[in-house]
Amino acid sequence: MLVLRLLTCSRGVWAVLAVAGLLLSGGCGSGEYSGPSGAVSGKVTLGGEAVPAGCTVSFVSDQGFTATGTVESGGSYKLSRVGKTGEVTGEIPVGTYQVSVTPPAETSEADYDKMMEEQSSGEGQPQGDAGQEVIPAKYQTTQTSELSKDVTEGANTINVELE
C-alpha cells in the first residue's frame, strides 16, 4: 500500500527506485571474491618426469572457482583466474580444489613438421593422437583424476604428481 502511494508522486518514484538500487547492489561491490586467497605454483610430473610444456593444469572448487595454468619447460606452472569483471589475477580463494591436467591443445607447426619428417623417414612411429597419450585419460577431468589439493592463504607450492 505504501509503495503504491509513493509511486503516485514523482518524489516517491525516485525514493522507491533508490531503495531498490541499494538493495540490489548492497554488499556486492564489484562482484569479486574478497575473502582470503593464495597464489599457487608448482611442478607437474608424470612418473617422476616433467610433463611437456603446453599442458594445462586446472583447479576447480566446489564453490565454483576455477583457476588454470599452462605448464612451462621443466613442468613448472603458475595458476591464474579470470574474475567476474574480466581481470586476470594470480590469487585464488582458499579451499579444496579438484585438479586435472590436459595435454597441449595443439601441436606447433615446427613439432608437426618434425613428426611428419620422422615418420616419412621411418624414424618415428605413428602414434594416433599423441597429445592424448602424453597425459593418461584418468587425469584429464576433475571428476576422474582423484587429485585433490588444498590452497591456503599466501604463497602455495603445490606439485601435481601423476602416476
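All residue numbers here refer to positions counted from 1 along the written sequence of the relevant chain. Under the rules for a predicted model, residues below a pLDDT of 70 receive no local features and side-chain atom pairs below 80 are neither given nor counted, while totals for whole chains, interfaces and linings still include all residues. Only hydrogens and water are set aside when side-chain values are computed; all heavy atoms of the structure are taken into account.

K.L.:
It is not clear to me how the overall build of the protein chain should be interpreted in this structure. Could you clarify?
P.N.:
The way it works is that DSSP assigns letters per residue, a run of H or I at least four long becomes a helix, a run of E at least two long becomes a strand, and they are numbered from the N terminus. Across its full length, the protein chain holds four helices and twelve strands. In the protein chain, which comprises 163 residues, the share counted as buried stands at 24%. Considering only residue pairs separated by 6 or more positions, the protein chain has 66% of its internal contacts joining residues 24 or more positions apart. Total accessible area on the protein chain is roughly 10600 Å²; 53% of this is exposed by carbon and sulfur atoms. Exposure classes here rest on a 1.4 Å probe applied to the protein chains alone. A residue is buried below 20% of its type maximum, exposed above 50%, and partly exposed in between. We call two residues contacting when some pair of their heavy atoms lies within 4.5 Å. Accessible surface area values rest on a Shrake-Rupley calculation with a 1.4 Å probe, where residue burial reflects the displayed protein chains alone.

K.L.:
How should I be thinking about the side chain of Arg 81 in this particular structure?
P.N.:
The residue Arg 81 is located in strand S6 (residues 81-82) in this model. Once residues lying within four places of it in the same chain are set aside, the contact partners of Arg 81 are Glu 32, Tyr 33, Phe 65, Thr 66, Ala 67, Glu 87, Val 88, Thr 89, Glu 91, Ile 92 and Pro 93.

K.L.:
Is there a simple way to explain the nonpolar core in this structure?
P.N.:
One recurring pattern in soluble globular proteins is that nonpolar side chains are buried together. Ranked by size, the top nonpolar core spans 21 residues in total, and within it Val 44, Phe 59, Tyr 77, Val 160 and Leu 162 carry the most contacts. Within the residue set of this core, elements represented by two or more residues are strand S1 (37-46), strand S3 (56-61), strand S9 (95-102), strand S10 (147-151) and strand S12 (160-162). The element best represented in this core is S9, accounting for three residues. Not counting the four nearest positions on each side in its chain, Tyr 77 is found in contact with Val 40, Ser 41, Gly 42, Lys 43, Val 44, Val 57, Phe 59, Thr 70, Val 71, Ile 158 and Val 160. Buried residues of nine kinds, namely Ala, Val, Leu, Ile, Met, Phe, Trp, Tyr and Cys, make up a nonpolar core once their side-chain atoms join them within 4.5 Å.

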